[in-house]
Amino acid sequence: MDRWEWDDTLFSGAAAYYGRGRLPYAPGLADALAEALRLDGRGRLIDVGCGPGTLALSCAHLFAEIVGVDPDSGMIAEAARGAADRGVGEKTRWVRARAETLPAGLGTFTVATFGQSFHWMDRDLVAATVRDMLRPGGALVHIADLKTEEPTVDGLPHPAVPYAAVDELVKRYLGPVRRAGRGLLPQGTAGGEAEVFARAGFAGPRRLVVPGGQALERTFDDVVAWVFSMSFSAPHLFEGRRDDFERDLRGLLREASESGLFSERGPSTEVFVWRTEASPN
């Protein structure tokens, strides 16, 4: 990660596939955040690295105003469309910008969220900047799928998505080292978020796990969308071979499921709540 530099092709072309391809957050996430943060429909949320608005829009009823920030124009366009479809366009604002350019005149906020986005940023800079953008008593919330779960389709009607075989196919086309924009990530993205937030002066964290496990049915189109929604297999990376790759991917999926359907369970969601000041409790 130390040798990788962000560039604006990281998710180029992926936005249109995100909503269909990515697995949802746990169904009770918004309720868990409302309880943990005592949200009542007032206050301002900034969602940093908002993508197509997945997280921000699921929490729209909990805030009076929402600002989503993302550097990808496609993601911003998808977020705006999603807000209009949900009837919350008037209280949402979508800003195309890198997190490193904050505060960008956006004001102060009650809550800042990072939904599986923080690892792409200059983390120390962004954490310190966002802390200064939070009102007294405000919260930074780091959200991700629970990584320690062992997925299973036991008791479900269709076979599991053949993720290992898909990964091998991606490597056959793009090489054995993980791609990321114009660069490579041989060691993956950075971890250790707790140390970063502590250095920035946040107190905490309070950890929540919102249970998933709901049965999901996935079509071939869903799985293809998942592949093209990922940074390491974004559409632009295949250059002139994208159609060949998709043909081979669909062939692989047909071999894995005669019915054209896969079963999957929704992941649990892990939430870390950091405060601008220590809780009196």
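Novice: For helix α9 (residues 242-256), give the residues involved together with the corresponding values.
Specialist: With 15 residues, α9 ought to run about 21 Å at 1.5 Å a step, and its terminal C-alpha atoms sit 21 Å apart, in line with that. Looking at the buried positions of α9, the neighbouring elements they touch are α6 (163-174), α8 (220-229) and β10 (261-265).

Novice: Describe helix α4 (residues 73-86), naming the residues involved and giving the relevant values.
Specialist: With 14 residues, α4 extends 20 Å from end C-alpha to end C-alpha; this agrees with the ideal 20 Å at 1.5 Å per step. Its buried side turned inward, α4 meets α1 (15-21), α3 (54-58), β2 (65-70) and β3 (92-96). For α4, the N-terminal cap is Asp-72; the gap from its side-chain oxygen to the backbone nitrogen of Gly-74 is 3.0 Å. Of the residues one or two after α4, Gly-87 is the one with positive phi, at around 75°.

Novice: Any chance you could break down the nonpolar core for me, citing the residues and the numbers?
Specialist: Formed by 32 residues in total, the largest nonpolar core has its most connected members in Leu-29, Phe-63, Trp-94, Val-141, Ile-143 and Val-271. For this core, the secondary structure elements donating two or more residues are α2 (29-37), α3, α4, β5 (134-145), β8 (203-210) and β11 (269-275). No other element matches the six residues that α2 contributes to this core. With 25 residues, the next largest nonpolar core counts Ile-46, Phe-109, Ala-112 and Ala-127 among its residues.

Novice: So, empty space enclosed by the protein: which residues are in play, and what are the values?
Specialist: Under the defined criterion, the tally for this structure stands at one cavity of 30 Å³ or more. When its volume is computed, the largest cavity comes out at roughly 40 Å³. Leu-33, Leu-37, Leu-39, Leu-45, Cys-59, Phe-63, Val-111 and Thr-113 are the residues that line the largest cavity. Listing elements by their share of the lining of the largest cavity, those giving two or more residues are α2 and β4 (109-115). Residue composition of the lining of the largest cavity, grouped by class: seven nonpolar, one polar and no charged.

Calculation notes
Residues numbered from 1 in each chain as written. Predicted model: local features only at pLDDT ≥ 70, side-chain atom pairs only at ≥ 80, totals over all residues. Heavy atoms only, no water. Helix = DSSP H or I, 4+ residues; strand = E, 2+ residues; numbered from the N terminus. Expected span 1.5 Å × (residues − 1). Contact = heavy atoms within 4.5 Å. Polar contact = N/O pair within 3.5 Å; in protein donor to acceptor, adjacent residues only side chain to side chain. Core = buried A, V, L, I, M, F, W, Y, C linked by side-chain atoms within 4.5 Å. Buried < 20%, exposed > 50% of the residue type's maximum accessible area, 1.4 Å probe, protein only. 1 Å grid on protein atoms, 1.4 Å probe; cavity = no way out; pocket = protein on both sides within 12 Å on 5 of 7 lines; lining within 4 Å. Points joined across faces, edges and corners; volume = space filled by probe spheres on them. Nonpolar A, V, L, I, M, F, W, Y, C, P; charged D, E, K, R; others polar.

All quantities given are derived from atomic positions and should not be read as evidence of function.
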